[in-house]
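Take a look at the letters that make up each chain.
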Amino acid sequence: MKPIPKIALIFLLILFSSPRLFAQAPTPFPVGIAGLNNNTIHSFVSRDTGLFRKYGLDARLVVFQAGSLLAQAAMAGEVKISMVAGPVTIASRSAGSDSVIVGALINTLPYKMIVAKGMTQSDQLRGKKIGISRFGSSTDTAVRLFLAKFALNPDKDVVLVQTGEQGNRFAALVAGTIDATIVGVPLDITAQKQGYPVLADLSKLQIPYPQAIVETTDRLIREEPQLVKNYLKGLIAGIQYGISNPEPTKAILDKYVKINNAEFLAATYQDYVHITDRKAYPDIDGIRLALEEVAKRSPGAKGRKPEEFVNLRFLQELEEEGFYKELYSR
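None of the values given here were measured: they were computed from a predicted structure.

Novice: Looking at this model, I keep getting lost on unusual backbone geometry. Mind explaining?
Specialist: Among all residues save glycine, negative phi is the norm, and among peptide bonds the norm is trans. A cis amide bond links Val185 to the next residue, Pro186, at an omega of 5 degrees. Residue position: Pro186 is located in the loop between β8 (180-183) and α8 (187-193). The phi dihedral of Lys258 falls on the positive side, at around 55 degrees, and the residue is not glycine. According to the relative accessible area criterion, Lys258 is exposed, its value standing at 56%. Of note, the phi angle at Asn260 is positive, near 55 degrees, even though the residue is not glycine. For Asn260, the location among the structural elements is in the loop between α11 (246-257) and α12 (262-275). Given the relative accessible area of 63%, Asn260 is considered exposed.

Given below as structure tokens:
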């Protein structure tokens, strides 16, 4: 047998001593996103900046047009992790699924209450028509929580009108068929420019609410705990990136949400920074409020405690391991 040439020997030594050459590619797994807007952009920031791959994940983001459709896909096992509104998970678990909340991105109501011209105070809403998308929706809940904050009964003091998505709601306000509605950024800017006042920024009223949460299943937590934990690491690292890097994050917002207006894009980014929870912890008081709303139409939710719908295991582990401290000290 001929001796191995020196150059070949060196190559073999490099080859077998380099673990990266033998590392397996991240296994792709589906992540469901309920709608594509500035309230659900967080996973796209983490994916497009390579932060999921940094933690060994190939997250395939799939956008669903409604939270109810995503809930069906989750129950069928078609997605492993979901980004959805808290009441969707609460309703699903109340009906017998093993869906559970493991994180939260937005723990407040990301809406502005816009009203007819000339209105300046909340008590002027008494007897008026307020537009929501549909009964049982997050806009319905948001309006009810807002009214309760100002001692107004949504079933007696006002008339709630189903008028569809926010573009249709604003059009109804302009047409005079309703007197108020709630919208997100940047439609509030358009409203103000046309003379319709913003009566209140609901995100500043200290009303806790699980507007955007991270959902998985008890089964996945048992079978693939590291996947869930790594997803949260990549997601939270993306939050830190988004807050620390305005221009690249605005580019990602513009790419997917298609704002196409510098003023609107700046306002949308500022809203994203304002409403995003930096540590992705669910607010138990917000879960309680959402649970009370779900219990009105779902018998399985009655008498339940908010803690039954949340698993903080991974976030607590990240805290104990110093993940947050290291991430936000950069």
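Once the structure has been displayed, the description carries forward.
Novice: Explain α11 to me, please; I cannot follow it from the model alone.
Specialist: Since there are 3.6 residues in each turn of an α-helix, residues three or four apart along the chain are aligned in direction. Relative to the 16 Å expected for twelve residues at 1.5 Å per residue, α11 spans 16 Å between its end C-alpha atoms, a close match to the ideal helical length. Among the residues of α11, Thr249, Lys250, Ile252, Leu253 and Tyr256 are the ones counted as buried. Angular distribution of buried residues about the axis of α11 spans 155 degrees; they occupy a single face of the element. Tucked into the core, α11 has its buried residues touching α2 (42-48), α10 (225-244) and α12. Positive backbone phi, at 55 degrees, marks Lys258, one or two positions downstream of α11.

Novice: Looking at this structure, I do not really get the sheet that holds strand β3 (residues 81-84). What am I missing?
Specialist: Backbone-to-backbone hydrogen bonds pair the strands of a sheet. The strands run either parallel or antiparallel. Taking strand neighbours across the sheet as the criterion, the five strands line up as β2-β1-β3-β10-β4 in an open arrangement whose pairing is mixed. Lying at the two open borders of the sheet, with one neighbouring strand each, are β2 (58-64) and β4 (99-106). The mean inter-strand angle of the sheet, taken between neighbouring strand axes irrespective of direction, is 25 degrees. The sheet contact formed by β4 and strand β10 (residues 212-217) spans six bridges and is antiparallel. Along β10, the bridge assignment pairs Ile101 with Glu215.

Novice: Can you help me understand the packing of aromatic side chains in this one?
Specialist: The relative placement of two aromatic rings is captured by the distance of their centres and the angle of their planes. One pass over the structure, following the stated rule, counts nine aromatic pairs. Summarising the aromatic geometry, the rings of Phe323 and Tyr324 are spaced 5.9 Å apart at their centres and angled 70 degrees between planes, so their arrangement reads as edge-to-face. Taken as a pair, Phe323 and Tyr324 share a single burial class, namely buried. By way of ring pairs, the aromatic residues Tyr55, Tyr281, Phe323 and Tyr324 are connected into one cluster. Over the aromatic face of Tyr196 sits the side chain of Lys117, whose NZ or CZ is 4.9 Å from the ring centroid. For the cation-ring pair, Lys279 lies above Tyr324, with the distance from its terminal atom to the ring centre recorded as 5.2 Å.

Novice: What is the right way to read the sheet that holds strand β6 (residues 129-132) from this model?
Specialist: Strand order in the open sheet formed by five strands is β7-β6-β8-β5-β9, and the pairing between neighbours is mixed. The open sheet has two edge strands, β7 (159-162) and β9 (198-201), and neither has a second partner. Each adjacent strand pair in this sheet contributes to an overall mean axis angle of 25 degrees, direction not counted. Relative to β9, strand β5 (residues 112-115) is paired through three bridges, and the arrangement is antiparallel. Its bridge partner being in β9, Met113 is matched across the sheet by Ala200.

Novice: Is there a simple way to explain the nonpolar core in this structure?
Specialist: Soluble globular proteins tend to pack their nonpolar side chains together in the buried interior. Ranked by size, the top nonpolar core spans 53 residues in total, and within it Met113, Leu125, Phe146 and Leu202 carry the most contacts. If we ignore the near neighbours within four places in the chain, the residues touching Leu202 are Thr108, Leu109, Tyr111, Lys112, Met113, Ala142, Phe146 and Ile182. Membership of the second largest hydrophobic core comes to 48 residues, among which are Ile33, Ile41, Ala59 and Leu265.

Novice: I keep staring at the packing of helix α5 (residues 86-94) against helix α13 (residues 284-295) and nothing clicks. Help me out?
Specialist: Pairs of packed helices are described in terms of their axes, by the angle between the two and the distance that separates them. Close contact between α5 and α13 brings their axes to 9 Å; oriented N to C, the two are set at 60 degrees. Between α5 and α13, the angle falls in the class oblique. Pair α5 / α13 crosses with right-handed handedness. For the pair formed by α5 and α13, the contact residues are Pro87, Ile90 and Ala91 on the first element and Ile287, Ala290, Leu291 and Val294 on the second. Among the residues forming the contact of α5 with α13, the class breakdown is seven nonpolar, no polar and no charged.

Novice: Is there a simple way to think about the environment of Leu36 in this case?
Specialist: As for its placement among the helices and strands, Leu36 is situated in the loop between β1 (28-34) and α2. Measuring from C-alpha to C-alpha, the distance between Leu36 and Gly164 comes to 17 Å, with 128 residues separating the pair along the chain.

Novice: Help me out: how do you make sense of helix α7 (residues 166-175) in this one?
Specialist: Those residues of α7 that sit buried are Arg169, Phe170, Ala172 and Leu173. End-on view of α7: buried residues confined to an arc of 155 degrees, all on one side of the axis. Turning to α7, the residues buried within the fold contact β5, β6, α6 (138-149), β8 and α8. Sitting at the amino-terminal end of α7 is Glu165, which places a side-chain oxygen 2.8 Å from the backbone nitrogen of Gly167. Backbone geometry just after α7 places Gly176 at a positive phi near 85 degrees.

Definitions and cut-offs
Residues numbered from 1 in each chain as written. Predicted model: local features only at pLDDT ≥ 70, side-chain atom pairs only at ≥ 80, totals over all residues. Heavy atoms only, no water. Helix = DSSP H or I, 4+ residues; strand = E, 2+ residues; numbered from the N terminus. Buried < 20%, exposed > 50% of the residue type's maximum accessible area, 1.4 Å probe, protein only. Expected span 1.5 Å × (residues − 1). Arc of directions from axis to C-beta. Contact = heavy atoms within 4.5 Å. Pairing = 2+ DSSP bridges. Axes fitted to C-alpha atoms, helices over the stretch in contact; angles between N-to-C directions. Phe/Tyr/Trp six-rings, centres within 6.5 Å; stacked < 30°, edge-to-face > 60°. Lys NZ or Arg CZ within 6 Å of the ring centre and 35° of its normal. Core = buried A, V, L, I, M, F, W, Y, C linked by side-chain atoms within 4.5 Å. Parallel < 35°, antiparallel > 145°, perpendicular 65-115°, else oblique. Left-handed = near helix turned anticlockwise from the far one by under 90°. Nonpolar A, V, L, I, M, F, W, Y, C, P; charged D, E, K, R; others polar. Polar contact = N/O pair within 3.5 Å; in protein donor to acceptor, adjacent residues only side chain to side chain.

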